Amino acid sequence: MDYTQLRRLAEEQAALRRVATLVAAGAPSAAVFSAVAEEVAQVMRLPMVGVYRYDSDGTAMTVIATWSDRPHVLQPGTRWPLDGPSMVAQVLQTGRPARIDDYTDLPGTLAGGARTSALNATAGAPIIVDGSVWGAMGASSPDGPLPDRIEERLAEFTELLATAIANAESHQELARLADEQMALRRVATLVAEGASPSDVFEAVIAEVGRLGPTDAAAIGRYEADGTFMSICDWDETRGYRSSVKRHALATGTLARLVFETRRPGRVDTYADTSGTLGDYIREMGWRSAVGAPIMIEGRLWGVVGVASTTDQPMPPSTEGRLAEFTELVATAIANAEGREQLTRLADEQAALRRVATLVAQGVPPAELFEAVAAEVAQHVPGDAAVLSRYEPDGTVTPVGGWSPEGYAHIGERFAPEGTVSGLVLETGRPCRMDSYAEEPGPAAAAAREMGWHSSAGAPITVEGCVWGVLAVVSTTDVPLPPDADDRLAGFTELVATAIANAQSRADLDLSRARIVATADATRRKIERDLHDGAQQQLIWLALELRAAQAATPPGLQERRAELSHVAEGLTSVLDGLREIALGIHPASLSEGGLGSALKTLAQRSSMPVELDVRIDARLPETVEVAAYYVVSEALTNAAKYAEASVVHVVVEERGDAIHIGVRDDGVGGANPALGSGLLGLKDRAEAIGGTISLGSPRGEGTLLQVELPLEACH
């Protein structure tokens, strides 16, 4: 062996020791690759040396490190397809050293690159890691061929590279596992602290993005109607952002793949994806993606996806790594849904109690309907709510509504075409309307005018018939909750009860009014019968008796006295009968009106009465009769129990009602519950829609106040 050869061997061994020292010291792979390329080029006096890594699918290779004394195209980080004969392609195929002595006429991208860089001959050796061809180290020269056995000399260095790569990958794997565990612990801590799903989503996407190799990530939810809702996404440029938007499950998307399989999966290309979901994916720049399902109590809730925005696919282990995060996301969502469910139930029960209280209090329907709409909008939830009544002619009338800007169409009649009201009327069941954009009819136009995007409604059924509809509305692209129409049911039941109660009260009031009217008519008939019958007969009998008394001869004084006694008795009976007739129905009320009748009543009272009647015109008969009997009963009670010195009576018109006030300065302590005639007055007043109140503190007199509506005549 000559001196030159010995010197070459010594230099190569020295170079190998230097590289081995780097490997033993745990230097980063990039530093080892660069050092090996330079050492080999210097020791073997080669114009260019490169280290290359094969893609997992064997279709391309990536330049890891190079050293050269001249310009070339094989720069670190560039990726080259293995689409023709080349040294690196042969090494990958055979797993053994290989060489190409002349690239002059060879096809393929690498051959073209070699010619561009004036590198005509190459030789290389495989880098074997864990029994698989990881990559290759190659030497290139503008002159060919390269020295004999150059491949074997390169192989000594590739063994060191393989060790360095194995060590580095072990370190990287350990570091990755440690980083993943830390990331999982951070997310788990958020979940345990009861963080909201949105906070957990943001944390998961950030953690997944940091763990890499990931260019982008997103989380989405599957909707009950079979659509897909994007929730949030992340990439290195824009960071985290909320992206709530509904999409159809387009074919060829990760969302569709996971939905169909319920398992982790990957999509290698989005080139042909269509629809709004495809537009969303292309906007984010995704080339390929891997995703894992979010399963909650056995149901598919959503998906977590990570993506590559380059031609480099995601590593094979990505699916398994994502699954650990999706379990935490599922726990967070389940916890949040549980808390939300309890809170929602509590809020809904409180809202239902408030509505039930209004129902029990018998508030006017308009007030109840508005209150129901406000409660529904806040607790179903939605941006607005409306309660509508179906009319006999097939139209629908909003009778109560709520929105932040106010509801403008109360009392207007609409044809229900193109609205959720029409769907509910047609089916008799809860229904949804996902869009008003293209719906026909004036009702749909009014909905668009108010900014309605979608709505859900439930029927209000009263005594087996659909009376109306209660609807909640969304004015944004965010859809209503899937169970919105079902959650309306509790409110519609209360509304139905209120309507049934109101109808029962109305029927009762009408019945009471009919009874009072019948009683008054009966009183008038009895009064007329007494006046026109018994009273007239008694008057004629009295006149005949007086005539008989006058015709009695002077000698029959005893007979004259007897006739006089009978005549006086008959007159007394007539006066009593006249008093009874007046009590049944005063003729002065029919003849002169309320003012005249009250004056007669005051004059006949056994105690002083100060009467102030501020009404000139005649009133509806039912109002006049009720007012007369109120004053009559009040004066009778005052005379019997009040021990008063005077009674003040004021009758005046206030707006659409007649106000009656009767006040005395007596001993007070009046109590209608003890069976006084005030109970009858209360029934009479309420039968025509009036109200009555009594204040009677002991020692401070009594004040009776009555309001009688003038529309009672209807």
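Residues numbered from 1 in each chain as written. Predicted model: local features only at pLDDT ≥ 70, side-chain atom pairs only at ≥ 80, totals over all residues. Heavy atoms only, no water.

### Notes on the overall build of the protein
Along the protein, the regular secondary structure elements total 18 helices and 22 strands. The 714 residues of the protein split such that 45% are buried. Relative to all contacts within the protein whose residues are 6 or more apart in sequence, the contacts with residues 24 or more apart total 57%. Summing over all exposed atoms, the protein offers an accessible surface of approximately 35,000 Å²; the carbon and sulfur share of this is 53%. (Helix = DSSP H or I, 4+ residues; strand = E, 2+ residues; numbered from the N terminus. Buried < 20%, exposed > 50% of the residue type's maximum accessible area, 1.4 Å probe, protein only. Contact = heavy atoms within 4.5 Å. Areas by Shrake-Rupley, 256 points an atom, 1.4 Å probe, with all protein chains shown as cover.)

### Looking at the packing of aromatic side chains
As enumerated under the stated definition, the model contains 5 aromatic pairs in all. Where Tyr 222 meets Phe 259, the ring centres are 5.2 Å apart and the plane angle is 45°; that geometry is what we call tilted. You can see Tyr 222 sitting in strand 7 (residues 216-222) and its partner Phe 259 sitting in helix 7 (residues 254-261), a full 37 residues away along the chain. On the accessibility criterion, Tyr 222 (9% relative accessible area) is buried. Taken together, the aromatic side chains of Tyr 222, Phe 228 and Phe 259 make up a single cluster linked through ring pairs. It is Arg 262 that lies over the ring of Phe 259; its NZ or CZ is 4.9 Å from the centre. (Phe/Tyr/Trp six-rings, centres within 6.5 Å; stacked < 30°, edge-to-face > 60°. Lys NZ or Arg CZ within 6 Å of the ring centre and 35° of its normal.)

### Description of helix 11 (residues 420-427)
Every buried residue belonging to helix 11 is among Val 420, Ser 421, Gly 422 and Val 424, and all of these are buried. Here the buried face of helix 11 lies against strand 13 (384-390), strand 14 (396-402), strand 15 (431-433), strand 16 (454-462) and strand 17 (465-474). Where helix 11 ends, the next residue or the one after it, Gly 428, has phi of about 70°, a positive value.

### As for the sheet that holds strand 6 (residues 132-141)
Pairing is antiparallel across the open sheet formed by 6 strands, whose spatial order is 3-2-1-6-5-4. At either margin of the open sheet sits one strand with a lone partner, and together these are strand 3 (79-81) and strand 4 (98-100). The mean angle between the axes of side-by-side strands here comes to 30°, regardless of whether they run parallel or antiparallel. Here 3 bridges tie strand 2 (residues 60-68) to strand 3, and the two strands are oriented antiparallel to one another. (Pairing = 2+ DSSP bridges. Axes fitted to C-alpha atoms, helices over the stretch in contact; angles between N-to-C directions.)

### Focus on helix 4 (residues 109-116)
Residues Leu 110, Ala 111, Gly 113 and Ala 114 constitute the buried set of helix 4. Looking down the long axis of helix 4, one finds its buried residues gathered within 160° of arc, a one-sided arrangement. Buried positions along helix 4 lie against strand 2, strand 3 and helix 3 (87-94). Of the residues flanking the end of helix 4, it is Ala 118, one or two places downstream, whose phi is positive at about 60°. (Arc of directions from axis to C-beta.)

### Digging into the pattern of salt bridges
Considering all chains together, one arrives at 20 salt bridges under this definition. Among the ionic pairs, Asp 101 bridges to Arg 99, the shortest N-O distance being 3.4 Å. The exposure class of Asp 101 is partly exposed, given its relative accessible area of 38%. The partly exposed category is assigned to Arg 99, whose relative accessible area is 21%. Notably, a salt bridge pairs Asp 235 with Arg 238, separated by 2.9 Å at the nearest N-O pair. For Asp 235, a relative accessible area of 9% translates into the label buried. (Salt bridge = Lys/Arg side-chain N within 4 Å of Asp/Glu carboxyl O.)

### Some thoughts on the environment of Val 36
Here Val 36 lies in helix 2 (residues 29-43). Given a relative accessible area of 0%, Val 36 falls into the buried group. Between the C-alpha atom of Val 36 and that of Met 137, which follows or precedes it by 101 residues, the distance is 9.3 Å.

### Observations regarding the side chain of Asp 233
Considering the arrangement of structural elements, one finds Asp 233 in strand 8 (residues 228-235). The class of Asp 233 is buried, set by a relative accessible area of 1%. A polar contact of 2.7 Å, which involves the side chain of Asp 233, links it to the side chain of Arg 241. A polar atom in the side chain of Asp 233 sits 2.7 Å from the side chain of Tyr 280. (Polar contact = N/O pair within 3.5 Å; in protein donor to acceptor, adjacent residues only side chain to side chain.)

### Thoughts on the sheet that holds strand 16
Strand order in this open sheet of 5 strands is 14-13-17-16-15, and the pairing throughout is antiparallel. The open sheet has two edge strands with one neighbour each: strand 14 and strand 15. Between one strand and the next, the sheet's axes are offset by a mean angle of 25°, whatever the strand orientation. Sitting on the sheet, helix 11 touches strand 13, strand 14, strand 15, strand 16 and strand 17, and the angle it makes with strand 15 is about 155°.

### Re the environment of Ala 443
As for its position among the elements, Ala 443 is in helix 12 (residues 442-449). For Ala 443, a relative accessible area of 12% puts it in the buried group. Separated by 29 residues in the primary sequence, Ala 443 and Phe 414 place their C-alpha atoms 5.7 Å from one another. Beyond its immediate sequence surroundings of up to four residues, Ala 443 is in contact with Phe 414, Ala 415, Glu 417 and Thr 419.

### What about the environment of Glu 426?
Looking at the element boundaries, Glu 426 is found in helix 11. Residues Glu 426 and Pro 416, spaced 10 residues apart in sequence, show a C-alpha to C-alpha distance of 9.8 Å.

### Regarding the side chain of Asp 235
Relative to the assigned elements, Asp 235 resides in strand 8. Polar contacts involving the side chain of Asp 235 include one to the main-chain amide nitrogen of Arg 238, which spans 2.6 Å. If near-sequence neighbours (up to four positions away) are discounted, Asp 235 is found in contact with Asp 215 and Ala 216.

### Some thoughts on the nonpolar core
Residues Leu 594, Tyr 628, Val 651, Ile 658, Ile 660 and Leu 708 are the most contacted members of the largest nonpolar core, which totals 34 residues. Breaking this core down by element, the ones donating at least two residues are helix 16 (587-604), helix 17 (621-642), strand 19 (647-654), strand 20 (657-664), helix 18 (678-687) and strand 22 (702-709). Counting residues per element, this core draws most heavily on helix 17, at 12 residues. Phe 369, Ala 385, Leu 480 and Val 495 belong to the second largest nonpolar core, which has 26 residues in total. (Core = buried A, V, L, I, M, F, W, Y, C linked by side-chain atoms within 4.5 Å.)

### Things to note about the pairing of strand 14
Counting buried positions along strand 14 yields 6 of 7 residues, so the element is predominantly enclosed. The pairing of strand 13 with strand 14 spans 6 bridges and is classified as antiparallel. When the sheet's bridge partners are listed, Ser 388 is paired in strand 14 with Pro 398. In textbook terms, the turn of a hairpin is the stretch between consecutive antiparallel strands, and for strand 13 and strand 14 this stretch comprises 5 residues, one of which, Gly 394, has a positive phi near 90°.

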